[in-house]
Amino acid sequence: MSRGFFLTFEGLDGSGKSTQLRRLAAYLEAHGHAVTVTRQPGGTRIGDRIRALILDSRTEPMDAMTELGLMFSDRAQAIAEVIRPALEAGRIVLCDRYTDSTEAYQGGGRQLGSEVVLRMHAVMCGGLNPDLTLLLLPDFNRSLARARRRNGRSDKDENRFETEDQAFHRRVYDRYRAIAAREPARVTVIAGDQSIEAIHRQIIRLVDEKLRAATPAS
Ligand code: ADP
Ligand code: TYD
């Protein structure tokens, strides 16, 4: 069975993930790769309904365990419907957020801890781990300011996490750094304080190298 390449983008809200994901997808397609782009929560019809529920700031009070379960329900659906079929077809899958988000936000931000998240990941995601994760880490205050500006421009209510306090986002940030320290072979930290173009160039250098290493010589 041919297997594609699974790449995830991670970082705080406003860290530049979707900007870089779009640019990387365009670059890879221009170089002849078959690319599938998706995001979590969302990316399937069921996932979009879960997304609307979890991100709406009127969905209160939601127990942290309910939130955790919904994140993994969304993910299981995306794996079954989008990610596994694409990987089995040999495609490159670019996913905006995956289980590291759950570890950072629910494990760190909501203080459920990493262990429960990793145990649920083992059960719900059937051992599917990214081949590469790009963690965009601009300065903490800068990424929060960017996310708030962007949400101010949107007519959708997707603010439930952005309205959390600074301490919550600081815990998310710290948990992300802990994940990167624990799994340096999978997770590459990108200092997000450079220009969009400079970050893009750094990402394509790294991805080209990883794709070459992942493709057996014929
Ligand atoms: P995310 O998907 O991580 O929430 P976005 O890609 O939507 O972040 O970026 C949030 C905002 O920050 C957007 O307005 C985007 O244009 C801007 N932005 C992204 N990357 C940079 C960068 N390197 N420097 C300055 N602004 C950026
Ligand atoms: P989204 O708008 O997709 O992210 P961004 O603002 O980075 O573009 O919003 C997703 C929100 O959901 C974000 O605040 C992080 C949060 N989230 C979790 O708390 N746990 C998870 O497992 C995932 C995938 C997202």
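All residue numbers here refer to positions counted from 1 along the written sequence of the relevant chain. Naming scheme: in the order in which they are written, chains are lettered from A and ligands are numbered from 1. pLDDT decides what is reported in this predicted model: residues at 70 or higher carry local features, side-chain atom pairs at 80 or more are listed and counted, and totals for whole chains, interfaces and linings draw on all residues regardless. Working from all heavy atoms in the structure, the side-chain values ignore hydrogens and water.

A. Spotlight on the site of ligand 2. Each residue is tested against the molecule or strand, and it is near if at least one of its non-hydrogen atoms lies within 4 Å. Among the 16 residues in the neighbourhood of ligand 2, the closest are listed as Asp13, Lys17, Arg97, Thr102 and Gln106. Here an oxygen atom of ligand 2 sits 2.5 Å away from a polar atom, N or O, in the side chain of lysine 17. Strands are runs of DSSP state E lasting at least two residues, helices are runs of H or I lasting at least four, and both sets are numbered from the N terminus onward. Where the shell around ligand 2 is concerned, the elements lending two or more residues are helix 2 (45-55), helix 3 (64-88) and helix 4 (99-109). Note that Gly is not counted as nonpolar here; it falls among the polar residues with everything else outside the nonpolar set of Ala, Val, Leu, Ile, Met, Phe, Trp, Tyr, Cys and Pro and the charged set of Asp, Glu, Lys and Arg. Of the residues in the shell around ligand 2, the class split is 5 nonpolar, 4 polar and 7 charged. Polar contact is the term for a pair of N or O atoms within 3.5 Å; when the atoms are in protein, one must be able to donate a hydrogen and the other to accept it, and sequence-neighboring residues count only if both atoms are side-chain atoms.

B. Just the sheet that holds strand 3 (residues 92-96), in detail. At least two bridges found by DSSP between two strands is the condition for calling them paired. Ordered in space as 2-3-1-4-5, the 5 strands form an open sheet in which the pairing is parallel. In this open sheet, the two edge strands, each paired with only one partner strand, are strand 2 (35-39) and strand 5 (187-191). Averaged over all neighbouring strand pairs, the angle between strand axes comes to 20 degrees, with direction disregarded. Looking at chain direction, strand 1 (residues 5-10) and strand 4 (residues 132-137) are connected through 4 bridges and run parallel. Of the residues in strand 4, the one forming a bridge with leucine 7 is leucine 132. Helix axes are fitted to C-alpha atoms over the stretch in contact, other axes to C-alpha atoms as well, and angles between N-to-C directions run from 0 to 180 degrees.

C. The environment of glutamine 77, seen in detail. Structurally, the position occupied by glutamine 77 is in helix 3. Exposed residues in this analysis have more than 50% of their type's maximum accessible area, buried residues have under 20%, and partly exposed residues fall in between, with area computed by a 1.4 Å probe over protein chains only. For glutamine 77, a relative accessible area of 23% corresponds to the partly exposed category. Once the C-alpha coordinates of glutamine 77 and arginine 45 are considered, the two residues, 32 residues apart in sequence, prove to be 9.3 Å apart. Pairs of residues are marked as contacts when any of their non-hydrogen atoms sit within 4.5 Å. Residues in contact with glutamine 77, not counting those within four places in the same chain, are Thr44, Ile46 and Val82.

D. Spatial organisation of the packing of helix 2 against helix 3. Two elements in contact, helix 2 and helix 3, have axes whose closest approach is 9 Å; the angle formed by their N-to-C orientations is 160 degrees. As summarised for this structure, helix 2 and helix 3 are arranged roughly antiparallel, according to the angle between their axes. For the pair helix 2 and helix 3, the sense of crossing is left-handed. Here helix 2 contributes Arg45, Ile46, Gly47, Ile50, Leu53 and Ile54 to the contact with helix 3, which in turn contributes Glu67, Leu70, Met71, Ser73, Asp74, Gln77 and Glu81. Broken down by class, the residue content of the contact of helix 2 with helix 3 amounts to 6 nonpolar, 3 polar and 4 charged. Orientation labels follow simple angle bins: below 35 degrees gives roughly parallel, above 145 gives roughly antiparallel, 65 to 115 gives roughly perpendicular, and whatever is left gives oblique. Helix crossings are classified by the rotation of the near helix relative to the far one: an anticlockwise turn of less than a right angle makes the crossing left-handed, while a clockwise turn makes it right-handed.

E. Looking closely at the layout of surface pockets. The method works on a 1 Å grid over the protein atoms by themselves. A cavity is a set of points holding a 1.4 Å probe that cannot get out, a pocket is an open set with protein on both sides within 12 Å along at least five of seven lines, and residues with an atom within 4 Å of a point line them. Grid points are joined across faces, edges and corners, and a volume is the space filled by probe spheres set on the points. Its boundaries defined by the atoms lining it, the second largest pocket holds a volume of some 210 Å³. What lines the second largest pocket is a set of 12 residues, among which Arg3, Gly4, Phe5, Gly90 and Thr215 lie closest to the centre. Residues of the lining of the second largest pocket, tallied by class, amount to 6 nonpolar, 4 polar and 2 charged.

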